[in-house]
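One letter stands for each residue in the lines below.
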Amino acid sequence: MSEQREHAEQREHTERPRRVVVVGAGMAGVQTAVALREQGFTGPVVLIGAEPHQPYDRPPLSKAVLLGKAEDSAFDVDFAALDVELRLGVEVTGLRAADREVDTEAGPVPYDVLVLATGAYPVTLPGTEGVPGVHLLRTLDDAARLRPVLERRHDIVVVGAGWIGAEFATAAREAGCAVTVVEAAERPLAGALPAEVAEPMAAWYAQSGAELVTGARVERLEPGEVRLADGRRLPADAVVVGIGARPATGWLAGSGVELGPDGSVTADDRLRTSLPDVYAVGDCASFPSARYGERLLVHHWDNALQGPRTVAAAITGGPAEAPAYDPVPYFWSEQFGRFVQYAGHHAHADTLLWRGAPGDDAWSVLWLRADVPVALLAVGRPRDLAQGRRLIEAGTPVDPERAADPAVPLKAAVR
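Predicted model only: the values in this text are computed from it and were never measured.

What about the packing of aromatic side chains?
- Tallying each qualifying case throughout the model produces eight aromatic pairs.
- The interplanar angle of 80° and the centroid separation of 5.4 Å between the aromatic rings of Trp 301 and Trp 332 together place this pair among those described as edge-to-face. Placement of the pair is Trp 301 in helix α7 (residues 301–317) and Trp 332 in strand β22 (residues 330–335), with a sequence separation of 31 residues.
- A relative accessible area of 28% means that Trp 301 is categorised as partly exposed.
- The partly exposed category is assigned to Trp 332, whose relative accessible area is 23%.
- Taken together through their ring pairs, the aromatic side chains of Trp 163, Phe 331, Tyr 342 and Trp 367 make up a single cluster.
- A cation over a ring is seen here: Arg 389 above Tyr 330, with NZ or CZ 4.4 Å from the ring centre.

This is how it looks when you write it as structure tokens:
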């Protein structure tokens, strides 16, 4: 190639608008497209989604959509007005970084900048994939299949007493179903909260009319029942599995994108991947947290909302100008008539403070490290959550004695 032609091609590349392709049309992908336009990006934006539905929000699936109170939960986003090209019902199968293309069932899609926002997929119960009457709850189609099950008030067995299991059990009880929740651990939320915090939540199941069976494993499914490893048989017209999720990154095998042991894309503090001009955001990506001194993989709605702003800033202004991504993780859960909120990351706390009694309708737990709040769980105490979250974000020390008094506002416990 002549030097003149090479310079001409380089000039064309720098002058033409860069084309951003976003893979994944959930919250993280949609918010990336929105944030790009809000931050002044004028080049082409292509949003690719595997599902044929208009992009939608997931939290209502276990609530309003599941109970028939809403038909869908489509995002209130005018993609045409934003000049965002939607390609829905298109599965992405691979990434060829050398060619700057992603492979799809409909053919290759070229990109200048690529954003990975493929989310996570639910873990299936071994031996049950494709078995009639066994359900997951992750997509709009999943909710549509489960809605008539609830309407018929079937006997339902829920496998897994995590956040999604509790939310589904709540909806099923509201619909009038008989519900049994089977959990392999000795308490609900065993992987998310310490025993002393999670154990009081076990009582919520019985209070709602659901049965919670802990320390139990499913051996096999038989027509109309679930057989446990200890020989017990549970009536089950339907089985709903909620035992966790994994980053949806299998399609990146061999692409050069670095993945962690958990399958997540190992993004940096600007959400850049190991490949140039490739970013990752939401449930499929982990990021290094200077605040907590470790790499975090956050499978919650707020992370999918916040991260895209960092990605858009890096794309529009350059990575050097983008702020480091180091949020205080936050999520909420509505279960058994309670509004549960959590902010922070308690793994390295050295002190746990109760604000209120766990048997009460409202209480909270504050985790400290060297008297600095690092996490807070609030049950029916939204003011604690709001004030505690600000203290966590600012790294403000508190007086532990005052912070343990539920009558003292957390902002008044500052040292």
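Further notes follow.
Some points on the pattern of salt bridges
- Using the criterion set out here, one finds 24 salt bridges in the structure.
- Here Glu 219 ties to Arg 220 by a salt bridge, and the two come within 2.7 Å at their closest N and O atoms.
- Under the relative-accessibility criterion, Glu 219 is labelled partly exposed at 45%.
- By relative accessible area, which is 36% here, Arg 220 ends up partly exposed.
- One salt bridge connects Arg 389 with Glu 393, and the closest N-O pair in it is separated by 3.8 Å. With a gap of four residues between them, Arg 389 and Glu 393 both fall in helix α8 (residues 382–394), about one helical turn apart.
- Connected via shared salt-bridge partners are Glu 219, Arg 220, Glu 222, Glu 225, Arg 227 and Arg 233.

So, how was this worked out
- Residues numbered from 1 in each chain as written.
- Predicted model: local features only at pLDDT ≥ 70, side-chain atom pairs only at ≥ 80, totals over all residues.
- Heavy atoms only, no water.
- Phe/Tyr/Trp six-rings, centres within 6.5 Å; stacked < 30°, edge-to-face > 60°.
- Helix = DSSP H or I, 4+ residues; strand = E, 2+ residues; numbered from the N terminus.
- Buried < 20%, exposed > 50% of the residue type's maximum accessible area, 1.4 Å probe, protein only.
- Lys NZ or Arg CZ within 6 Å of the ring centre and 35° of its normal.
- Salt bridge = Lys/Arg side-chain N within 4 Å of Asp/Glu carboxyl O.

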